[in-house]
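# Structural description and commentary
Next come the chains, spelled out residue by residue.
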Amino acid sequence: MRVVGRNGIIWAMIAGLSSPGYTVSDRQGNFYITDTGAGTIVMMNSSGVSSAVLTNLQSPYGLALDGNGNLYFTETSGPHVRRLGRDGSLTSLGEGIWRAPQGISLDSSGNLFVADSGLQQILEISSSGQIFAIAGTGTAGLSGDGGDALSAQLGYPSGVCTGPGGTLYIADSGNNRIRQLTPQTTSLSAPLALVSAVNAATLQPGPLAPGMLLDLLGTGLAASDAPNVQVMFDTIAAPVLTLDTSRLVVQVPPQVAGQQSANIQIVNQGKLLAQIPVGIAATAPGIFTTAAGQAAANNADGSVNSPTNPAPRGSVIALYGTGEGVSGLPAIVSIGGYAAEVLYQGEVAGYPGLLQINARVPAGYVPPGNLSVVVTIGQASSQTGVTVAVN
């Protein structure tokens, strides 16, 4: 790293860096430098002593400091956008969204702007944690000057800088130019009341558990929108598993474990579609059912359990649900009010968030017929009214 003084003289400030990428200074006169090649962030204090702040990073590049001394940085090969708190805590922002984040910049309101050359877009992380695209269609090119920034094409944007009045300056590397835009606050394209978040098994609202399957109903989206849809829990991206005109199915990110609440944001083509505040619990078990309220269960021979195909008392039945959480708490099953021995509990391979429980149907005094089945995990139990057929 080299310095050009106000007198026009240049000299080396830090030697021995592998591939310095970005630098930023704080109010105390400390300099932070990303060494992309070495995978480190280095700090040189006002006395000229340098030390590694973070190591073993994946191509660190962009840097920004907020007024509280928190350091934001990108890892282009991670890909990650992260915040290093003054207390040493490390937080990932928008995990799962990025492809190749490079330059970043903060404005006076605490909004963070990220140039992602893989996404071919500029994204904003608002001070409240919302994430949305503000420039670029997602396809590399050169078009759109003088029009809507989201309809413009960028070519591998590598840097972004905030200016007066909210103006942004973009290093559009693939097009060999600097481009300018004034961001606009994202607007809601649908009333929030039309979108509801329900347990995918129970179809009922309530607290969500980390890792569970969640149905978002009433979004107005179609399958063709899938490539442009993002679902965020605060700053954490949720995997979109199914999208059609009736529902949007996601898996609640396991990273929300320990939180009491979260704010879901549904974004389509960079525009905020809906915001849904939700509660978070350690567990929220639900059993998948048929339209008649019968548990979607399999008998020991693999056939579907039903009133015309009941499970013999003492046999093993497989139940399917979601909402077990990530704490590893055991499932307790009752059938007809009697305890059922749980022989297996685990996620179905290839189906994220789908829980399978193999339980032995109680024998002895248990009567035949459609018997209630309840799954309890931790402090929460599955919905009432679910039955399995027993003979």
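Bear in mind the structure is a predicted one, so any value in this text is a computation, not a measurement.

## Points about the overall build of the chain
When you go through the chain residue by residue, the secondary structure sums to 0 helices and 33 strands. Based on the C-alpha atoms only, the size of the chain along its principal axes is roughly 95 × 45 × 30 Å. Among the 391 residues that make up the chain, the fraction classed as buried is 48%. Put simply, 46% of the contacts in the chain that link residues at least 6 apart link residues at least 24 apart. When the accessible area of the chain is evaluated, it comes to approximately 17,900 Å², of which 51% is carbon and sulfur surface.

## Details of the sheet that holds strand β9 (residues 80-84)
In spatial order, the strands read β7-β8-β9-β10; together these 4 strands make up an open sheet with antiparallel pairing. Looking along the sheet, the strands with just one partner apiece sit at the ends: β7 (60-65) and β10 (90-92). This sheet shows a mean twist of 25° between the axes of neighbouring strands, independent of strand direction. Strand direction decides the pairing type here: β7 and strand β8 (residues 71-75), joined by 4 bridges, are antiparallel. Within β8, the position partnered with Leu65 by the bridge is Leu71.

## Regarding the pattern of salt bridges
Applying the stated rule across the entire model yields 5 salt bridges. Note that Glu75 is salt-bridged to Arg82, the shortest N-O span being 2.8 Å. The two residues Glu75 and Arg82 agree in class, both being buried. A salt bridge links Arg179 to Asp145; the nearest nitrogen and oxygen atoms lie 2.5 Å apart. Here the residue Arg179 occupies a position in strand β17 (residues 177-181), and Asp145 occupies one in the loop between β14 (131-135) and β15 (157-162), the gap between them amounting to 34 residues. For Arg179, a relative accessible area of 7% translates into the label buried.

Reading the values: the criteria
- Position numbers for residues count from 1 along each chain, tracking the sequence in the order it is written.
- A pLDDT threshold of at least 70 governs which residues receive local features in this predicted model, and a stricter bar of 80 or more applies before side-chain atom pairs are shown or counted, although totals over entire chains, interfaces and linings include all residues.
- Here the side-chain values reflect all heavy atoms present in the structure, with hydrogen atoms and water set aside.
- Helix and strand assignments follow DSSP, with helices taken as H or I runs no shorter than four residues and strands as E runs no shorter than two, numbered in order from the N terminus.
- Accessibility here uses a 1.4 Å probe with only protein chains present; expressed as a share of the type maximum, an area under 20% marks a residue as buried, one over 50% as exposed, and anything in between as partly exposed.
- What makes two residues a contact is simply this: any of their non-hydrogen atoms within 4.5 Å.
- Using a 1.4 Å probe, the Shrake-Rupley method yields the accessible areas, and only the shown protein chains count as cover for residues.
- One requirement defines pairing of two strands: DSSP has to find at least two bridges between them.
- A fitted line through C-alpha atoms serves as each axis, taken over the contacting stretch for helices, and the angle formed by two N-to-C directions is quoted from 0 to 180°.
- One side-chain nitrogen of Lys or Arg within 4 Å of one carboxyl oxygen of Asp or Glu is enough to make a salt bridge.

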